[in-house]
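# Examination of the molecular architecture
Here is how the chains run, residue by residue.
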Protein chains: 2
Amino acid sequence: MSSLGYVTPQTMHFAEPLPLQSGAQLRDYMLMYETYGTLNADKSNAVLVCHALNASHHVAGEYEGTPKSTGWWDNMVGPGKSLDTDKFFVIGINNLGSCFGSTGPMHTNPATGKPYGAAFPVVTVEDWVSAQARLADKWGITQFAAVMGGSLGGMQALAWSIMYPDRLRHCVVIASTAKLSAQNIAFNDVARQAILSDPDYRGGDFYEYGVVPKNGLRVARMVGHITYLSDDDMAEKFGRKLRAVADDIAATGTYKFDFGVDFEIESYLRYQGDKFSEYFDANTYLLITKALDYFDPARHHGGDLSKTLAATRAKFFLASFTTDWRFSPECSQEIVKALIDNRRQVTYAEIDAPHGHDAFLLEDPRYLNLVRAYYDRVWNELNDINSKEAA
Amino acid sequence: MSSLGYVTPQTMHFAEPLPLQSGAQLRDYMLMYETYGTLNADKSNAVLVCHALNASHHVAGEYEGTPKSTGWWDNMVGPGKSLDTDKFFVIGINNLGSCFGSTGPMHTNPATGKPYGAAFPVVTVEDWVSAQARLADKWGITQFAAVMGGSLGGMQALAWSIMYPDRLRHCVVIASTAKLSAQNIAFNDVARQAILSDPDYRGGDFYEYGVVPKNGLRVARMVGHITYLSDDDMAEKFGRKLRAVADDIAATGTYKFDFGVDFEIESYLRYQGDKFSEYFDANTYLLITKALDYFDPARHHGGDLSKTLAATRAKFFLASFTTDWRFSPECSQEIVKALIDNRRQVTYAEIDAPHGHDAFLLEDPRYLNLVRAYYDRVWNELNDINSKEAA
């Protein structure tokens, strides 16, 4: 049971069109979110948590009557946890284009009366941040105590620090990067091609045909999943272990000489792919990989990240994980260096963890304690300001 | 133009059934091969070159009337080259299950009169070596001066040294491994799932339907190709370069905001995938990835590679490439260590090259000179023996 107990998602509707980086705009859209803790009187204790590829607004807590519905960062966010909901008012928000509630490709396109499908506009990290800022406006939150995220969520936090420098006191960027490498883009394109070439994708309009490009999604997830784990971790967890077959225990230790499952790693990956293909939307997957590929704030400054981050005003916490080969420590170091070039306050932790990119979601006391220590500082700083203002 | 000039492939038919590791057997099969240079009187100067995933018997030289038909290791094999065909009699052989001439899934299954398709038996590295040994028998070659290969070809050379310890004087293993890691298997399974789930695969019998599972093959190749290149090399060659569009030069430097090609790396990978899907056979791809996954000679010795290599009698040359993350230098080092445990003569070179796994096929003077020096030694040794025998 989550220490936060049961939580309930909420929605907010936006009538005013949102202009997007592509030149398109979204009108009549909805954002889904959850909040934990209480917003204080001067609205200074809000922390926005941005989600990564396959996550959502459901950051922490559980849904009543839904087993196994614990939020994706419940080990991080809650009463007494690293991001303490007894102190902070935490907002989890679902991004546009998602398949978990906010307006996305499966929703009705007001222009056609049919589901958007592939006509849903390509959205960027910056577009998401614009939408998040509007949500903050509605609450009257002019400055977040912190904006926080891991991986693609960390990109959103970083984009906040550039786009709205005065609207966040702290920027918490975990296992992230200022831009994808060619190899990252390559893996994303393999995933996209797997989906796009699945006949059941039907040019993105599969909803109308009552089909789902499961095979494509499954392959996309399998290849993605490999990049989330470390080689070492895979070696330790699976190695070359052959799959024990319940009804054929004697067969363990021999090869099957067909194209079924021989190795545990195959069984694990196919299971992950199958599960994913049953709940995730193919158009959302395409959109999110594009948002990842496109994120590169320095491209407006000739590739100079130091110049790009000159706009920032926040204080920064960054963390990376030694075995993360998707967004390696070098990616975080590049951001840290550019911040130091600008004399920004930066705390950076490189955590020796075996779990690859996925480490940012896992229970690691050293990591969680570091984040806790940082939020203690954020909290003390807020109280110092408040007591000065009161004095 | 290759310095070897024009070459001609040949075939050899085998009536006697070949027993396979799976328990199945292949009867009435054919092997395709090429030879370069001249077999000497005592048949001591033969070098067998084993091919990797998408290569064939066509190691060197060109085919008359076929432009761009240079063999895959033409920079290594030829008159005056590292493996000098003025000295050695070099045999390139195409493995069973291939789509380049030797009996494979697209050939007629004598049991049904229809193409084998997915009914072609799963073949292993050891099965290939058995077939290669029979070819050597037909020539009366009792001992190769060397058996050589890179990647999957290196596995065959290593298997030769274990299965037929007295039939090779030297074993040349480049950019290879004694077994695949969980991550290697995972990538192979992604490729297989892409093919198997393509509706045009039709359970492997696509030949009868006049279709080809191109989409699956294309994704399989894309993901494979990423693992052949190094992250650094990709970064240097492609980075985040946007694709220049001939008819829309002005668009360069901006994103397209759709799911077409934005980045050069996408264009390159899709092109590689498309090209591959036009000439490679889907069943062959499945078979070859299985042969890779299954190779693990130490599994018959409780995973102890030192015990496994105690059977060997050859001298060894191994080379690895620093940026090869498919079969990293550690994989070669593991073999070297096991050979040293058995006091075998080993020459090992770790070559600082930026090109990842593909480096073993590329023009790198340091690498090619090292191989040349090793073959000089093999040659001198042969001549010493011959002069002693003459004396």
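About the cut-offs
Residues numbered from 1 in each chain as written. Chains lettered and ligands numbered in written order. Predicted model: local features only at pLDDT ≥ 70, side-chain atom pairs only at ≥ 80, totals over all residues. Heavy atoms only, no water. UniProt positions renumbered as here; feature names shortened; annotations may be inferred. Least-squares fit on C-alpha atoms with pLDDT ≥ 70 in both. pLDDT = per-residue confidence, 0-100. Helix = DSSP H or I, 4+ residues; strand = E, 2+ residues; numbered from the N terminus. Contact = heavy atoms within 4.5 Å. Polar contact = N/O pair within 3.5 Å; in protein donor to acceptor, adjacent residues only side chain to side chain. 1 Å grid on protein atoms, 1.4 Å probe; cavity = no way out; pocket = protein on both sides within 12 Å on 5 of 7 lines; lining within 4 Å. Buried < 20%, exposed > 50% of the residue type's maximum accessible area, 1.4 Å probe, protein only.

Per an unreviewed UniProt entry, the recorded name for chain A is Homoserine O-succinyltransferase, and the organism is Duganella phyllosphaerae. UniProt lists a comment for chain A under the heading Catalytic activity (unreviewed entry), and it reads "L-homoserine + succinyl-CoA = O-succinyl-L-homoserine + CoA". For the record of chain A, the UniProt heading Subcellular location (unreviewed entry) holds the text "Cytoplasm".

For the rest of this paragraph, the subject is the relation of the copies chain B and chain A. Rotating chain B by 180° and translating it 0.0 Å along the rotation axis places it on chain A, where the RMSD comes to 0.0 Å. Given the turn and translation reported, the copies of this chain are related as if by a two-fold rotation axis.

Before going further, it helps to examine the confidence of the model for chain A. Averaged over all residues, the pLDDT of chain A is 95; the fraction at 70 or higher stands at 97%. Listed scores for the predicted complex are pTM 0.96 and ipTM 0.94.

All names here are of chain B. When you line up the elements, His58 lands in the loop between strand S5 (46–50) and strand S6 (77–78). When the C-alpha positions of His58 and Thr35 are compared, they lie 9.1 Å apart, and in sequence the two are 23 residues distant. With residues up to four places along the chain from it excluded, the contact list for His58 reads Val7, Glu34, Tyr36, Tyr63, Ser69, Thr70, Gly71 and Trp72. Among the polar contacts listed, one links the side chain of His58 to the side chain of Glu34, at a separation of 2.9 Å. A distance of 2.4 Å separates a polar side-chain atom of His58 from the backbone oxygen of Ser69.

Moving on, we get to the environment of B:Val77. Residues and elements named next belong to chain B. Note on placement: Val77 falls in strand S6. Taking the C-alpha atoms as reference points, Val77 and Glu126, 49 residues apart in sequence, are found 25 Å from one another. Not counting residues up to four positions away in its chain, the partners in contact with Val77 are Leu4, Tyr36, Val59, Ala60, Leu83, Thr85 and Val90.

With that out of the way, let us pick up the UniProt feature "binding site: substrate" (unreviewed entry) in chain A. All names here are of chain A. In the numbering used here, UniProt assigns the "binding site: substrate" (unreviewed entry) feature to Arg221 and Asp358. Judged by maximum C-alpha separation, these annotated positions cover 138 residues in sequence but sit close together in space, the widest gap being only 14.0 Å. Of the annotated positions named here, the second largest pocket is lined by Arg221 and Asp358. Relative to the assigned elements, Arg221 resides in helix H5 (residues 214–228). A residue is classified by how much of its surface remains accessible, and Arg221, at 8% relative accessible area, is buried. Leaving out residues up to four positions away in the same chain, Arg221 has contacts with Asn54, Tyr228, Gln272, Gly273, Phe276 and Tyr285. Locating Asp358 in the fold gives a position in the loop between strand S12 (346–351) and helix H11 (365–390). Setting aside residues no more than four positions away along its own chain, Asp358 makes contact with Tyr228 and Leu229.

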